[in-house]
Every structure is written in structure tokens, then in C-alpha cells.
Amino acid sequence: MAAISALLILAVLIVVSMVGTGMADLDFLFGVVFPYAAILIFLVGFIYRIIRWAQSPVPFKITTTCGQQKSLDWIKDSPFEAPHSKLAVIGRMLMEILFFRSLFRNTKVDLKKDGPRVVYGGSKWLWLAGLAFHWSFLIILLRHYRFFADPVPFFVSGIESLDSFFQIGLPLFYITDAIILIALTYLFLRRVADPKMRFISLGSDYFALFLLLAIGVTGVLMRYTPMRVDIISIKELAMGLVSLKPVVPADIGSIFYIHLFLVSVLFAYFPFSKLMHMGGVFMSPTRNMANDNRVKRHVNPWDYPVKTHTYEEWEDEFRELMRAAGMPLEKEK
Amino acid sequence: MAEKLVKPEELAGGIDYKPKQKDWFDPRVEFRRGTWNYAAPPDNLKYLDLPNPRKWSPTDEDWKLPDNWKEIILEGLRDRIKRFRSLQVFMDICVRCGACADKCHFFIGSGDPKNMPVLRAELLRSVYRKDYTLAGKLMGKMVGARELTVDVLKEWFYYFYQCTECRRCSVFCPYGIDTAEITMIARELLNLVGVSIEWICTPAANCFRTGNHLGIQPHGFADSIEFAVDELEELTGIKVDAPINKKGAEILFVAPSADYFASPHYYTLLGYLALFHEIGLDYTWSAYASEGGNFGLFHSHEMMKRLNAKIYAEAKRLGVKWILGGECGHMWRVIHQYMDTLNGPADFLEEPVSPITGTRFENARSTKMVHITEFTSDLIRHGKIKLDKSRNDHWHATFHDSCNPSRAMGLLEEPRYVIKNCMNKFTEMPENTIREQTFCCGSGSGLGTDENLEMRLRGGFPRANACKYVHDTKDVNILLCICAIDKATLPPLLEYWVPGVEVGGIHELIGNALIMKGEKRETDLRGTPLPNLAPAEENTEDKAETGEEGEGDV
């Protein structure tokens, strides 16, 4: 059900953009106004969310340790799993953000009816698909920079030639185009195939996947199929957008506007959704703090005095019993 | 085990990881006997100045909530979102990737989908979304938003008291979302309207009043320490000194109260006493700070602070240099991650230095409290104690990493080093069940009650199962651990799932192996005849010097 409603919303979005640019001739709205609005919402929303998160203080240092602490000098510690210094924390975060360290640990539980016993198998597919998707997305995003810069910077050309390493077809086939679609398809299939995943998945989880898939598919259709669009016109539009002198070239093709509109939706949707994990991963206190609790005191900014049972009150209550037991007393009476 | 229990095969046979319901939005839960905890008695709530003290039971239709309970909870949530970045971020960034789903021992042992950490958190998130986010207000179910109702509150009570705050899920989460943190805050919210459990509030009230969870008064405390001293004399022929509230001692020793009142904790206490005597440690117990454990952690950040305050206050009053802490799990989460922040700075203490080896415990420079396995492994490393491993030859051990020392401290090698130097036969459980991936005993965070037994057996199933593996394949007959809740709740758990495996503390085995000057020993600390009556003079020092690993390491 959740997946179907997500699919319906996506279908509506596609129809809106088709009708808008195909029949209603609202190219300026879809080619200029929506992208500008989307970028604006994205930037303002993203920054707003980060600031709001940052406004909540971190009262306690609650590092999750996934390895040996630094204690006695002859015991080997695991700096990236239980970091004891800022530098080690940076190492841990880089492992997490660039290579998805924690996801790499993933296991799968299996209940055997003999015994009964539970066994834990390795389970690296989620890690692999997640990593493949995120890296492909980044590379594709960087590749798109060619539309927004003249001349095309060297790093973009470099990425492009690496991405089309296999030199298949014309236009050259980008490996990341295939990887991102395969990875997203896998991430979708595991949500519906595994009953546990189906149970925890919300409409918004499916929506994010469908939106990304649709963006990928429209991109691929534009590049590799007869639905090909006029790249020169697209570059003209893109350059107009970045130079803040928007122009709307004629006849770019409906498929491009669907692609652009979905990208706009993605950007505008981003700050309001779970996609904010992109910013949040940097701010998770269990990962971005050092396990040096007993070395450096962490201060809680909203700490307040609490009611305690002081030694004096305690001794007052038990003095006679303590005296009878011959225990030392602060006051005789 | 008062209730009649089904056979292990039956209990595990009924587990199905495929959810039966269509979705999770319906909050109604069935309070089936064996899966929930008794409500906190009004007297103890009053003693602790906590809101809405009254008699009630989770099975009642009417929980006698205050009229404005909903406002209280929602306001409490808003307040905590502003005070805890962890909560704010954890409410917003979960992508429901499902990596945590099958990592929770309660899910593995029950198959109840709301025991998947992701869903446990969604129970709170759904209300947060409805109340706090634009998307939640507009889109409702599509984005997982739910209205807060009495049924939701009851569901929270059920499932946030089916989380032992063990943090295993947070190890696997790509964003480090920690369900322990979410559970802690959810319980704080429930406490605001007087929804809390007896097994947390009663020990907390006891601890506040007497100094320890068991409510043992100072003379009773002195009695039990004295009793242990006598018992140790009977076992070893040596009368040790165990000072209480001694001013000017070098070190204050704080242990969980179960160590001096429960079994098999008690043998660990005998081990501490023997060890401190043998190295001539200038230390003292305290009857005021007679509890290292902290049930406040299971209640609220405020209660944790209230109960923890005694440790530094007593160290200051007695004028000790630093503090040594015994074998306990959640106690060490509080000491390592919270104490200095809550009740520090401990600037009246000195940076801990072992008086025996001269080792400076730089990792405890600020908090000034050292874990007993850090202290003992340092003694062994420097060859300061003589250990006869063969005295533990009747044991083949495995080690259960307690949740908090492993996932909130990184204390993994110290206990292993001690174990391998005081016994010959040691085998690790399978790798996905130890160290940072260790499984909870199933009874942590105040859930170790009799009325909750079925859920404890389910939650402890993964731990017991890993133990069964080494019992069946290697004849392991003792599960060692460094946690008082473990020592209390693992014995019935193992008796149910894997009979024939005992539970013990590390310092019990140290106490067995320790060669004491002038000792006359025929039995181990449990009174069982020693396997090798002739003490081997060739002790373990050589091995200790090279830090060689024990056998059977898998």
C-alpha cells in the first residue's frame, strides 16, 4: 500500500511536468522558476535544519565503542572503533562517511529449527548497494557540472573519462548510470521482498527511491535512446540559470523537463525528509565524539542541581544503628 | 520461576520473523503475563518526589493518568528535543534501512516486529512527526505520523520496557542511532505522568535512602562484609582486613551491592577481598556509597545524577586519592560516560596511580575511577601476584562481554587478559556474539523481574544459544561476566536454555588462583575441592610477562 501511494504521487508529478511543458507550454515555469525555487528551498531548508540540530546541545558524551579502548599502554587499542582523540574521531567519521563502516558489519540472523539455534551470516548486499548508489550519485552529480561551466573544468572531464572507461557505444556509456539504477532497484526490491523490510517501510521511503529511480531513468533515456535531447540547448539553459540570466531555448524536449522537474522536486523535498541523513550523519553524538570520557570532563550546558541524600542526612537517619555496630561516625549525636 | 514455562523447543519454535500484522500503526498491545513489569508502588514514588503516585497495574483499563497527561508528554518531548541533540538527530535521520532490525535480542527471541530497534524508535518518532514536523501534520501515515493516544502511551510502556539499553543496534546503524538513548528519553516521558515500574523505582528509592539498591542499612552492610571476611578465613585460613568508612585510606572501593548479598556475585566479593589483602592495598569500603550500580540510569538522567552523587561525595569526605570500581555493567556506563559530567569535576582527587605497580591510569585522569579489570590486569602484567592456573582446571570458561563495558567503554581486552592468566581452559563464543557485538543477558536496565520472565528468556535466547554452542562443542561449563545483573539473571537463563553451565565473575577465578602467603586451601571459593591440591610453585608469571594468549582462542 505504502509503495503504491508513493508510486501514485510520482506518477502525478510526471504527468504534471508532461502536461505543463508539453501542452500548457510552461517551459519558463519548469525550466527556470521551479529549479530556482527548488535550489532556494534546498539551501534555506538544509541550513535551517542543521542550525536547528546544532541548537540542541550535547549534554553527555555517549560514544558507542566498537573496539578496544585506549587504556594501559601494552594493550593495543582500536583508534577508529573506539577513538580516543580528535584525529581518531575524524578517522572514524571518514570511514563511516566514505566507506559506510558500520553497515559493513551487517549480519543476517537465521533461526534453525533443530536445537533450536540461531546463526548469524554475513550480509554485505545492503552495504554494497548503499555504497554503490551513493558513490554513483556523487559522480553523476559532479559529471552534471559540465552543463554549468564553460570551459568544462578538468576534474569533470577526468571523472567522465574514468566513468566511461570501457568505451562502449556512442555516446560513451557511463558505468555509474548502470550502477545507480541497479543499486536503486536492489534497494527497492529488498524493501518489498523481505517481510521485515516491507513492514518497516513507509510511503516516504518508497517515494525517495522512486523519485531517484525516475530521475535516473529519464536521464538514461535522454542520453542513450532515440528520445535524445539537444545538449546544446540544455547547456544554454543551465548556463543561463547559473549566470542568473535565465533563457528558455525552444524545443528541448518533454523528457528533459520531466527529468529537471523531478530533480527540482528532489531538492525541494530534501530538507523535509529523511534524506537529511546526509547532514545528520556528521552530527550523531555516538559516532562523532571521542571515547575519552574519563580523560577529559565533558560539560553539560544545562546541568542543574538535584536533590540528593547527603552523608549528614544519611548518618542522622542511621546513627544509632551504626553506633551499635561499632562503625565510625562523623557526629556523636 | 513461579509461572509454568513451556519447554525451550516450544518457546523458540514459535518464533517467526515474518510480521503477522499488516502494518504497525495500531498501537494496541495485549499485556500477556510474563512480558511486562509491575507498576511502581506509590510510596516509593513519593519518597523520590516523583509525579502521580497511585496504585495501578498495566493490565488495568484505566491507568489513572493526570487529566493533562497528553500536554505533559508532548511538552516533555519538546523540552528534551531542545536539550538532547542525540534525540533531535535520531528523530530526524533514520532512513529505515533495516540494518538494526535483526540485531535486537528481544526481536531475535520473540519475533515481535515492534522489537526491531527501528520500529521501537518509530513508536516515538511517529508522535514526534505528528506534533513537530510539517510533513507529519500534512501527510500523516504516508510519512509515519501518529496521534498520541492512551493506547500509544501503553504501547510505549510495553516496548520501552522491552529494551535493555544494550546499544547493540547502535553498533550496526550507519548513523549510530542509539536506541538506548531513545528508550532512556521515552522512559523519562512516561515517568512524567507516573508510568514507571517497580523494579526500577524501588531499588532507586532504596539506593537514595540507604546507599544501595537492596536497601541494606549500614550495620547490615558491615555485617555482610564481616561475614564474607569470616567465610574467606574458613576457605583460606587467612583473616583479611576489610575496612569500612575508613578516613584517609588511599582508595575507595565501590562495587554493585549484589556482590555482597547475592550468589554467585558473592564469590567475586571473596575474590576482591583476597586480592586486596594479598597486595596489601590501602583501601576502604563505604556504607554510604555502598552501591556502584545505578538504577537511576534506567529511570531518568536526573535520577541517575541523584543516585550517583554519593560516590564523589564519599570520596571527598573520606579523603581518598582515587576510586576503584568493581564488576558491574550499567554501573560502568554511568561512571565512564556520565559521572564526571553529572557530579564532577573530581578535582579533590588525584590522578589514579597503582600503589603496587606505579602505573599511572592516564585513561582515568579526569574521572579518577579505575575499573577493577584494568587494575588487576596491570598487576598481572607486572608480575605482582602469583597465580596458580591449575586451581581453576575444573572450569572451562567462556566470556560474556557485558553490554556497557563493551559498547560504552571499549573494555574488551582487560577482562580477557585477566581470565587467560588465571585459568587454563578458555574458549570464545562465536564472533558475532562477543565483544562489541555481544548479546545482552535479556534482563538489563531494570527488567530482571520474575513477572517478566518469559520476555527475559526470549531476550536472553541469543546469548544462551551462543553459550550452548561452546558448551556442546567444547564442554564449556562456566560463563564468566563482569556485570551484577548478568550474575543475577544469567543463571536462570542458562538453566532454561543450556543446563550445565554455571555463571561466575572474573575475580572469583582470580580468588581461586591467587597464591596467598600463609594460605591453607583445600577448596575453591565455592567450597568445591580444588582439582590440584598441590600448589604449583611455577606460576603464571612467565606467560604474563609476554602477554601470551590463553589456549582455545577462536
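See the structure printed just above.
Residues numbered from 1 in each chain as written. Chains lettered and ligands numbered in written order. Predicted model: local features only at pLDDT ≥ 70, side-chain atom pairs only at ≥ 80, totals over all residues. Heavy atoms only, no water.

## Concerning the layout of surface pockets
Any empty space left between atoms is shown by rolling a water-sized probe over those atoms.
Residues and elements named next belong to chain A.
Inference 1: Space inside the largest pocket adds up to approximately 1400 Å³.
Inference 2: Around the largest pocket, the lining is made up of 42 residues, and of these His-144, Phe-147, Phe-148, His-259 and Val-263 lie nearest the centre.
Inference 3: For the lining of the largest pocket, the secondary-structure elements that each account for two or more residues are helix H2 (27-55), helix H5 (125-143), helix H6 (154-163), helix H7 (175-193), helix H9 (203-224), helix H10 (231-242) and helix H11 (254-269).
Inference 4: Residue composition of the lining of the largest pocket, grouped by class: 31 nonpolar, five polar and six charged.
Inference 5: Empty space within the second largest pocket amounts to approximately 1100 Å³.
Inference 6: Secondary-structure elements contributing two or more residues to the lining of the second largest pocket are helix H3 (86-99), H5, H7, H9, H11 and helix H12 (277-280).
Inference 7: A total of eight residues in the lining of the second largest pocket trace back to one element, the largest contributor, which is H5.
Inference 8: Counted by class, the lining of the second largest pocket contains 27 nonpolar, three polar and five charged residues. (1 Å grid on protein atoms, 1.4 Å probe; cavity = no way out; pocket = protein on both sides within 12 Å on 5 of 7 lines; lining within 4 Å. Points joined across faces, edges and corners; volume = space filled by probe spheres on them. Helix = DSSP H or I, 4+ residues; strand = E, 2+ residues; numbered from the N terminus. Nonpolar A, V, L, I, M, F, W, Y, C, P; charged D, E, K, R; others polar.)

## What about the sheet that holds strand E5 (residues 397-400) of chain B?
All names here are of chain B.
Inference 1: Strand order in this open sheet of three strands is E5-E6-E7, and the pairing throughout is parallel. With one partner strand each, in any of the chains shown, E5 and strand E7 (502-505) form the two edges of the open sheet. Recorded for the sheet is a direction-independent mean angle of 35° between the axes of neighbouring strands.
Inference 2: For E5 and strand E6 (residues 478-481), the ladder comprises four bridges, and the chain directions are parallel. Within the sheet, the bridge partner assigned to Thr-398 lies in E6 and is Leu-479. (Pairing = 2+ DSSP bridges. Axes fitted to C-alpha atoms, helices over the stretch in contact; angles between N-to-C directions.)

## Some remarks on empty space enclosed by the protein
Residues and elements named next belong to chain B.
Inference 1: For the coordinates displayed, the defined rule picks out eight cavities of 30 Å³ or more.
Inference 2: If you add up the space inside the largest cavity, you get close to 150 Å³.
Inference 3: Taken together, 17 residues line the largest cavity, and the ones lying closest to its centre are Cys-94, Cys-100, Val-118, Cys-173 and Ile-177.
Inference 4: Ranked by the residues each element gives to the lining of the largest cavity, the list is headed by helix H6 (residues 117-132), at four residues.
Inference 5: Class assignment of the residues belonging to the lining of the largest cavity gives a composition of 13 nonpolar, two polar and two charged.

## So, unusual backbone geometry
Inference 1: Cis geometry is adopted by the peptide bond preceding Pro-151 of chain A, which originates at Asp-150 of chain A and carries an omega value of 0°.
Inference 2: Note that the residue after Ser-263 of chain B, namely Pro-264 of chain B, is joined by a cis bond; omega there is 10°.
Inference 3: Mapped onto the elements of the fold, Pro-264 of chain B is located in the loop between strand E1 (251-254) and helix H13 (265-278).
Inference 4: Even without glycine at this site, Glu-165 of chain B takes up a positive phi of about 55°.
Inference 5: Tracing the chain through its elements places Glu-165 of chain B in the loop between helix H8 (150-160) and helix H9 (168-172).
Inference 6: Positive phi outside glycine occurs at Lys-368 of chain B, with the angle close to 65°.
Inference 7: Tracing the chain through its elements places Lys-368 of chain B in the loop between helix H15 (329-343) and strand E4 (369-371).
Inference 8: The exposure class of Lys-368 of chain B is buried, given its relative accessible area of 11%. (Buried < 20%, exposed > 50% of the residue type's maximum accessible area, 1.4 Å probe, protein only.)

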